[in-house]
Amino acid sequence: MIRLWGRKSSINVQKVLWCLAELGLEEGKDFERIDAGLHFGKNRTPEFLALNPNGLVPTLQDGDLVLWESNTILRYLVRQYDKSKRFPADIASQYQSEKWMDWQVGTMWPSLRVAFLGLTRTPENERNYEVIHKAYQDTNALLALIDQQLANQRYCSGDSFNIGDIPLALCVSRWILLNETFPEQTGARLSLHNVEAWMQRIEADSKYSVVAEKELNIVK
Ligand SMILES: N[C@@H](CCC(=O)N[C@@H](CS)C(=O)NCC(=O)O)C(=O)O
């Protein structure tokens, strides 16, 4: 049975849970999940560090194979388990999706992460609100790029939902949640109509609720 290490409130664990759901793989039947990270701990034990020397979640075990890096885990799961072709299999769609996955981890998240960690993992008296505000506003500008892309197509890689939509939609959900929770500190959130419509399509069509998990684990 597949084993997934990670708490459900982690955005990177959510990517994996969403992908597993789309592939029709069920917790308790096809995979087991072990709560780890933050208050659950377990991710700094020698046993865990032997699996993932970064001490981070998600970490996935499938037989002898151990994987970490959430986007890589998604790629693996689709290649290994997408027997019913839930995700587009043509090369052009695959690489359009890859492009956005790399952009999420290399460009968008580094910007949103500064605002996210600044507001949720930094004690109030240590927060640098200028840096947080700038990071949030930079993320607005980055998300405007996805909005442009979605003006002409329904999903990140074309007309069908793809794995690249998963990390993007989870980041958008965090971007909204941060602004709703800390409106003054983030400054205004751009109104992105194509992104909004895409989020609604995703919420209606997918097997995982992207907006359901609202736990930010805020440090006081
Ligand atoms: N690039 C990694 C980042 C993993 C990561 O930063 N995980 C966070 C949760 S989102 C973590 O394990 N934090 C420590 C903790 O939860 O205790 C990935 O995409 O999987």
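Worth saying up front: this structure is predicted, and the values here are computed from it rather than measured. (Residues numbered from 1 in each chain as written. Predicted model: local features only at pLDDT ≥ 70, side-chain atom pairs only at ≥ 80, totals over all residues.)

## Some words on the overall build of the protein chain
So, step 1. Within the protein chain, the regular secondary structure consists of eight helices and four strands.
So, step 2. Here the C-alpha atoms of the protein chain give a radius of gyration of 17 Å, agreeing with the 17 Å that 2.2 N^0.38 yields for 220 residues.
So, step 3. When each of the 220 residues of the protein chain is scored for burial, the buried share is 35%. (Helix = DSSP H or I, 4+ residues; strand = E, 2+ residues; numbered from the N terminus. Rg over C-alpha atoms; globule rule 2.2 N^0.38 Å. Buried ≥ 20, exposed ≤ 12 C-beta atoms within 10 Å, placed from the backbone.)

## With respect to the sheet that holds strand β4 (residues 65-68)
For sheets, the rule is that strands pair by backbone hydrogen bonds, running either parallel or antiparallel.
So, step 1. Taken in spatial order, the four strands of this open sheet run β2-β1-β3-β4, and their pairing is mixed. Across the chains shown, the open sheet's two edge strands, defined by having one partner strand only, are β2 (31-34) and β4. Here the average twist between neighbouring strands, direction ignored, is 15 degrees.
So, step 2. In this sheet, β2 lies alongside strand β1 (residues 2-5) in parallel orientation, the contact comprising four bridges. Bridging from a neighbouring strand, W5 pairs with I34 of β2. (Pairing = 2+ DSSP bridges. Axes fitted to C-alpha atoms, helices over the stretch in contact; angles between N-to-C directions.)

## Details of the nonpolar core
So, step 1. The biggest cluster of nonpolar side chains holds 48 residues, and the ones touching the most others in it are V16, C19, L74, A115, C171 and V172.
So, step 2. Breaking this core down by element, the ones donating at least two residues are β1, α1 (11-22), α3 (70-81), α4 (91-120), α5 (129-149), α6 (165-181) and α8 (193-205).
So, step 3. Each of two domains, domain 1 (2-81) and domain 2 (91-205), supplies a minimum of three residues to this core.
So, step 4. Leaving out residues up to four positions away in the same chain, L74 has contacts with K15, V16, C19, I163 and I166. (Core = buried A, V, L, I, M, F, W, Y, C linked by C-beta atoms within 7 Å. Domains from an automatic or database assignment. Contact = placed C-beta atoms within 7 Å.)

## Re the site of the ligand
So, step 1. As a matter of local geometry, the ligand sits amid S10, I11, N12, G37, L38, N43, L56, V57, P58, E69 and S70.
So, step 2. Per-class residue counts for the shell around the ligand are five nonpolar, five polar and one charged. (Near = placed C-beta within 6 Å. Nonpolar A, V, L, I, M, F, W, Y, C, P; charged D, E, K, R; others polar.)

## Description of the pairing of strand β3 (residues 59-62)
So, step 1. In the sheet, β1 pairs with β3 via three bridges, with the strands oriented antiparallel. By the bridge assignment for β3, L4 is matched with L60.
So, step 2. Where β3 folds back on β4, the antiparallel hairpin that results is connected by two residues, among which G63 adopts a positive phi of roughly 65 degrees.

## Description of the domain arrangement of the protein chain
So, step 1. Per the domain assignment, the segments making up the protein chain are domain 1 (2-81) and domain 2 (91-205).
So, step 2. The centre of domain 1, based on its C-alpha atoms, is set 22 Å off from the matching centre of domain 2.
So, step 3. If you look at the interface, domain 1 gives eight residues, while domain 2 gives seven residues.
So, step 4. Per-element accounting of the side of domain 1 that touches domain 2 gives the leading share, five residues, to α1.
So, step 5. Partitioning the side of domain 1 that touches domain 2 into residue classes produces five nonpolar, two polar and one charged.

## Quick notes on the packing of α4 against α6
So, step 1. Interhelical geometry of α4 versus α6 gives an angle of 20 degrees and a closest axis separation of 10 Å. Classified by the angle between their axes, α4 and α6 sit roughly parallel to one another. Pair α4 / α6 crosses with left-handed handedness. Note on element contacts: α6 touches α4 through P167, L168, C171, R174, W175 and L178, opposite W100, M101, Q104, M108, W109, L112, A115, F116 and L119.
So, step 2. Its residues assigned to classes, the contact of α4 with α6 comprises 13 nonpolar, one polar and one charged. (Parallel < 35°, antiparallel > 145°, perpendicular 65-115°, else oblique. Left-handed = near helix turned anticlockwise from the far one by under 90°.)

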